[in-house]
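Residue strings, one per chain:
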Amino acid sequence: MIIHSFALSLLLGFELSYYLLIVQTGIAAHYNSDLITLFPMFIGGVAGTILGGVAWGSIQNPIHKILIALSLQLGLSFLYPNYTFFTLMLLGLAVGVMAPLGIYLFKAKQQKELLFALAIAYSVGTFLFTSDVHNRIAIAASLSAVALVSAFVLRGYKVALDAKEHSYPFAAYLPLMLWIFLDSNLFETLSRHENINIWSNCTFTIIAFHLLGLVAAYVIKASKLKKHLFIALLFFGSYTLSYLEASFMLSMLYPFTISYYNVVVFTVLSKEQNIAKLSFMMVFVGWIASGAGLMLALSKLLH
């Protein structure tokens, strides 16, 4: 159904926007990326991601789990940005549950829905990126509300398991972890770099090249090896431009890189048949890889 495809894109798109604007940049910036303070959210996120892949008693339907997680997320959004140890953990739990379930709803061949979702996330996230990180309560509530309504529309949606292609061995996820690690490290570094402020000065350029990256990932057909070699080249160029402080060129290449590699990541993850395995892999692909990139950026070992 068209309505399900549209709701699916809105659900993933606005949830990814929430993660970018509220979790990754909002709360992290509010607490000055203090890893000790943010640790409860990390623990909650890992626990929630694992919880997303296991049975909840009589609650088996992924959509029902999503509705519960998004309701919790919406309620906690009104506390933004002043969270306690406990509420940070609860927020991590809600976002963590969404991580595998949001991807699991997609069939591997739903590329158009995936591209629309990522286009929403990158457009909304980039446009609102420069908003005051201490005053995003309305943004947090609005993004959560749209995701929740979209999930409600999908309450009768069933994932066609026969459309899921197969499971991958753990080694197949290692390149995905590397790309997310490199992205997390570079993103955190750029957001703190005094001489590079691409989000304020090149907002619409960034959005345009995000969209170009999505189109390229959809149009260009290549083998897995060629795709990963291309992503490696894109990251090499992005890191080089960041060292050279070439802001305008970076505002074109880096968003293109993010969009292209994320299509590859989401496509691989959406092929996983086993929700428990997907949840387990999301702990590594999502939380551990991105957390390691953040820690390395804060240590400034590569910069």
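Look up a bit, the structure's there.
Residues numbered from 1 in each chain as written. Predicted model: local features only at pLDDT ≥ 70, side-chain atom pairs only at ≥ 80, totals over all residues. Heavy atoms only, no water.

1. Here we look at the overall build of the protein chain
A count of helical and extended segments in the protein chain gives twelve helices and zero strands. Its helices and strands in sequence order give the protein chain the pattern α-α-α-α-α-α-α-α-α-α-α-α, from N to C terminus. Its C-alpha radius of gyration of 18 Å places the protein chain within 12% of the 19 Å reference for a compact globule of 303 residues. When the backbone C-alpha atoms are referred to their principal axes, the protein chain occupies close to 55 × 45 × 35 Å. Buried positions account for 54% of the 303 residues belonging to the protein chain. In the protein chain, the proportion of contacts linking residues at least 24 apart, taken out of those at least 6 apart, comes to 87%. When the accessible area of the protein chain is evaluated, it comes to approximately 13200 Å², of which 72% is carbon and sulfur surface. (Helix = DSSP H or I, 4+ residues; strand = E, 2+ residues; numbered from the N terminus. Rg over C-alpha atoms; globule rule 2.2 N^0.38 Å. Buried < 20%, exposed > 50% of the residue type's maximum accessible area, 1.4 Å probe, protein only. Contact = heavy atoms within 4.5 Å. Areas by Shrake-Rupley, 256 points an atom, 1.4 Å probe, with all protein chains shown as cover.)

2. As for unusual backbone geometry
In the segment running from Tyr80 into Pro81, the intervening peptide bond is cis, with an omega of 0 degrees. Tracing the backbone shows Pro81 in the loop between α3 (62-77) and α4 (85-104). Of note, the phi angle at Asn32 is positive, near 55 degrees, even though the residue is not glycine. Looking at the secondary structure, you find Asn32 in the loop between α1 (2-30) and α2 (35-52).

3. What to know about the packing of helix α7 (residues 174-192) against helix α10 (residues 224-244)
Viewed as axis vectors pointing N to C, α7 and α10 meet at an angle of 15 degrees, and their least axial separation amounts to 11 Å. For the element pair α7 / α10, the angle class is roughly parallel. The handedness of the crossing between α7 and α10 comes out as left-handed. Residues Pro175, Leu176, Trp179, Leu182, Asp183, Asn185, Leu186 and Leu190 of α7 touch α10, and the partners they reach there are His228, Ile231, Ala232, Phe235, Ser238, Tyr239 and Ser242. (Axes fitted to C-alpha atoms, helices over the stretch in contact; angles between N-to-C directions. Parallel < 35°, antiparallel > 145°, perpendicular 65-115°, else oblique. Left-handed = near helix turned anticlockwise from the far one by under 90°.)

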